[in-house]
Amino acid sequence: MEEAQRIQSLPPYLFARVDEKIANAKAKGVDVISLGIGDPDLPTPDHIIDELVKAVRNPENHRYPSYVGMLEFRQAVAEWYKRRSNIVLDPKKEVMTLIGSKEGIAHIALCYLNQGDIALVPDPGYPVYGIGTLLAGGVPYTMPLRAENGFLPDLEAIPEEIAQKAKLMFLNYPNNPTGAVADKTFYLKAIAFAKKYDIIICHDGPYSEIAFKGFKPLSFLEIPGAMEVGIEFHSMSKTYNMTGWRIGWAAGNARVIEALGRIKSNIDSGVFQAIQEAAIVGLLGNQEIIAELCKIYQERQDIVIEGLTALGWSVERPKATIYVWAKVPKGYTSTSFCELVLEKTGVVVTPGNGYGEYGEGYFRISLTISTERLREALARIKDSLGNFEF
Ligand SMILES: *Cc1c(COP(=O)(O)O)cnc(C)c1O
């Protein structure tokens, strides 16, 4: 039963050691507070659930859906972009429904990478960019995201021969795990780079609506030239608290969307139509819920930033996302610090090296927990962990 090289080549699961420590702490009866989970804790809004309940009763929805997604859902996505960013998408050719954006991110590599082809992958980053590349037989080339560059990749640092061989570039702003955002200047540079080297940009934007203090993240697709070189992955997961529902989309360049559809039509059979109908209501219905959601995350972010800053910890306030990315103190690695925090306080934070080697020296806090538990976590940190040097 020897496994294929493609799965033998998968990197080790870096959170395994922390997971084990969490399990041990729980077994000992510690009241563990997890600030580690990148999964919204709040429920899906009622009007979306109500629509699902209705749609699930319709026998027409019990049959195989179309692999590209109901036209009505793709039209809703197009309308959503029109309303949000004033861009016009052809729902038939420029939008594809996904079983969550993770599915599309993993499959896009199969569409474009031959054995040994390069995909440019941000580090630290969402692991699927690199893993999808490996599973397709491609080679991930790391684009380091460094604090001094605002956690944007330095495109000029990519060697010429690598750029020549690269076929895909993954970008993700607002960024998980760093909370960084990208401006128009950066996107224009990336688009010019993609045109020069014939690279497809895969922009992953699930946090575009989770932003603070009036900041409005750009959609990649609204940047001039973006539609010529790439697509954007997006999702209902974070914006509408729907991670468990598994529905997202890819939108952008028609040729890329068509290629993704060709792979998908041979692998999956689309998203349950009742879920698509509920998602349509999400996209076209009351959007006030997003402002309310952002207010909740904002309050949580305040608790974390103000609490840690008061202790003299090294944190910056992200403009978007549900994360805070912070430096570990001098004398610690990501892993040793996260273990220390867990041992002394029962609070789980995620070691930055789990997102890649350039995440070493950082840890991630997720704001997906009630203000009460968050305050409790910070109180424990204040009481049980001394002052550190950064
Ligand atoms: C949560 C997340 C996703 C996955 O979203 P789904 O649509 O639920 O698959 C994709 N990319 C990043 C960076 C994420 O944090």
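Residues numbered from 1 in each chain as written. Predicted model: local features only at pLDDT ≥ 70, side-chain atom pairs only at ≥ 80, totals over all residues. Heavy atoms only, no water.

1. A short note on the overall build of the protein
Alright, step 1. Each helix and strand counted, the protein has 14 helices and twelve strands in total.
Alright, step 2. Seen through its C-alpha atoms, the protein measures out along the principal axes to roughly 60 × 55 × 50 Å.
Alright, step 3. Burial analysis of the protein (390 residues in total) assigns 56% to the buried set.
Alright, step 4. Here the analysis covers contacts within the protein between residues at least 6 apart in sequence; of these, 76% occur between residues at least 24 apart. (Helix = DSSP H or I, 4+ residues; strand = E, 2+ residues; numbered from the N terminus. Buried < 20%, exposed > 50% of the residue type's maximum accessible area, 1.4 Å probe, protein only. Contact = heavy atoms within 4.5 Å.)

2. A closer look at the sheet that holds strand β12 (residues 362-366)
Alright, step 1. Strand order in the open sheet formed by three strands is β9-β12-β11, with antiparallel pairing between adjacent strands. With partners counted over all chains shown, the strands left at the sheet margins are β9 (323-327) and β11 (350-351), one partner each.
Alright, step 2. Note that β11 and β12 share two bridges and pair antiparallel. Paired with P351 across the strands is F363, a residue of β12. (Pairing = 2+ DSSP bridges.)

3. Observations concerning the packing of helix α3 (residues 46-56) against helix α11 (residues 273-284)
Axes are the key here: two packed helices are described by the angle between their axes and the distance separating the axes.
Alright, step 1. At their nearest, the axes of α3 and α11 sit 8 Å apart, and the two run at 150° to each other. Judged by the inter-axis angle, α3 sits roughly antiparallel to α11. Two packed elements cross with a definite hand, and for α3 against α11 that hand is right-handed. Between α3 and α11, the residues in contact are H47, I48, E51, L52, A55 and V56 and A274, I275, E277, A278, V281 and G282, respectively. (Axes fitted to C-alpha atoms, helices over the stretch in contact; angles between N-to-C directions. Parallel < 35°, antiparallel > 145°, perpendicular 65-115°, else oblique. Left-handed = near helix turned anticlockwise from the far one by under 90°.)

4. Structural notes on the environment of L98
Alright, step 1. Tracing the sequence through the fold places L98 in strand β2 (residues 95-98).
Alright, step 2. For L98, a relative accessible area of 0% gives the class buried.
Alright, step 3. When the C-alpha positions of L98 and G270 are compared, they lie 7.1 Å apart, and in sequence the two are 172 residues distant.
Alright, step 4. When sequence neighbours within four positions are dropped, the list of residues in contact with L98 reads E103, G104, F233, R246, I247, G248, W249, A250, L260, K264 and V271.

5. A closer look at the environment of A251
Alright, step 1. Relative to the helices and strands, A251 resides in strand β8 (residues 248-252).
Alright, step 2. Using a relative accessible area of 0% as the deciding quantity, one classes A251 as buried.
Alright, step 3. Residues A251 and L221, spaced 30 residues apart in sequence, show a C-alpha to C-alpha distance of 8.2 Å.
Alright, step 4. With sequence-adjacent residues up to four places away left out, A251 is seen in contact with Y81, L89, E94, V95, L221, I231, E232 and I257.

6. Notes on the domain arrangement of the protein
Alright, step 1. The domain boundaries assigned to the protein delineate domain 1 (5-43 + 288-385) and domain 2 (46-284).
Alright, step 2. Computed from C-alpha coordinates alone, the two centres of domain 1 and domain 2 are separated by 25 Å.
Alright, step 3. In this assembly, 32 residues from domain 1 lie in contact with 33 residues from domain 2.
Alright, step 4. Summed over both partners, the interface of domain 1 with domain 2 buries about 2,900 Å², with 67% contributed by carbon and sulfur atoms.
Alright, step 5. When residues of domain 1 are sorted by the area they lose upon contact with domain 2, K319, T321 and Y358 head the list and together hold 22% of the total.
Alright, step 6. Taken together, the links from domain 1 to domain 2 amount to zero salt bridges.
Alright, step 7. At the junction of domain 1 with domain 2, the criterion picks out nine residue pairs in polar contact (both at pLDDT 80 or more).
Alright, step 8. Of all the elements in the fold, those that place two or more residues in the side of domain 1 that touches domain 2 are α12 (288-310), β9 and β12.
Alright, step 9. Top contributing element to the side of domain 1 that touches domain 2 by residue count: α12, with eight residues.
Alright, step 10. Here the side of domain 1 that touches domain 2 is composed, by residue class, of 18 nonpolar, seven polar and seven charged. (Domains from an automatic or database assignment. Buried area = accessible area lost by both parts, 1.4 Å probe. Salt bridge = Lys/Arg side-chain N within 4 Å of Asp/Glu carboxyl O. Polar contact = N/O pair within 3.5 Å; in protein donor to acceptor, adjacent residues only side chain to side chain. Nonpolar A, V, L, I, M, F, W, Y, C, P; charged D, E, K, R; others polar.)

7. Quick look at the pairing of β9
Alright, step 1. β9 sits mainly inside the fold: four of its five residues count as buried.
Alright, step 2. The pairing of β9 with β12 spans five bridges and is classified as antiparallel. When the bridges of β12 are listed, Y323 appears paired with S366.

8. Focus: the pattern of salt bridges
Alright, step 1. Summed over the entire model, instances satisfying the criterion amount to 16 salt bridges.
Alright, step 2. Of the charged contacts in the structure, one is a salt bridge between E306 and R317, with a shortest N-O distance of 3.8 Å. With a gap of eleven residues between them, E306 in helix α12 and R317 in the loop between α12 and β9 connect regions that are remote in the sequence.
Alright, step 3. You can call E306 partly exposed: its relative accessible area is 49%.

9. As for the state of the cysteines
Alright, step 1. Enumeration over the complete set of coordinates arrives at zero disulfides.
Alright, step 2. With no disulfide partner, C111 has as its closest neighbouring cysteine sulfur the one in C202, 9.1 Å distant. (Disulfide = S-S within 2.5 Å.)

10. Observations regarding the site of the ligand
Alright, step 1. Close to the ligand lie 14 residues; D204, Y207, S235, S237 and K238 are nearest.
Alright, step 2. S235 has a polar side-chain atom sitting 2.7 Å from an oxygen atom of the ligand.
Alright, step 3. Isolated, the ligand exposes 390 Å² of accessible area, and the fraction of that covered by the protein chains is 94%.
Alright, step 4. Residue composition of the shell around the ligand, by class: four nonpolar, six polar and four charged. (Near = heavy atom within 4 Å. Areas by Shrake-Rupley, 256 points an atom, 1.4 Å probe, with all protein chains shown as cover.)

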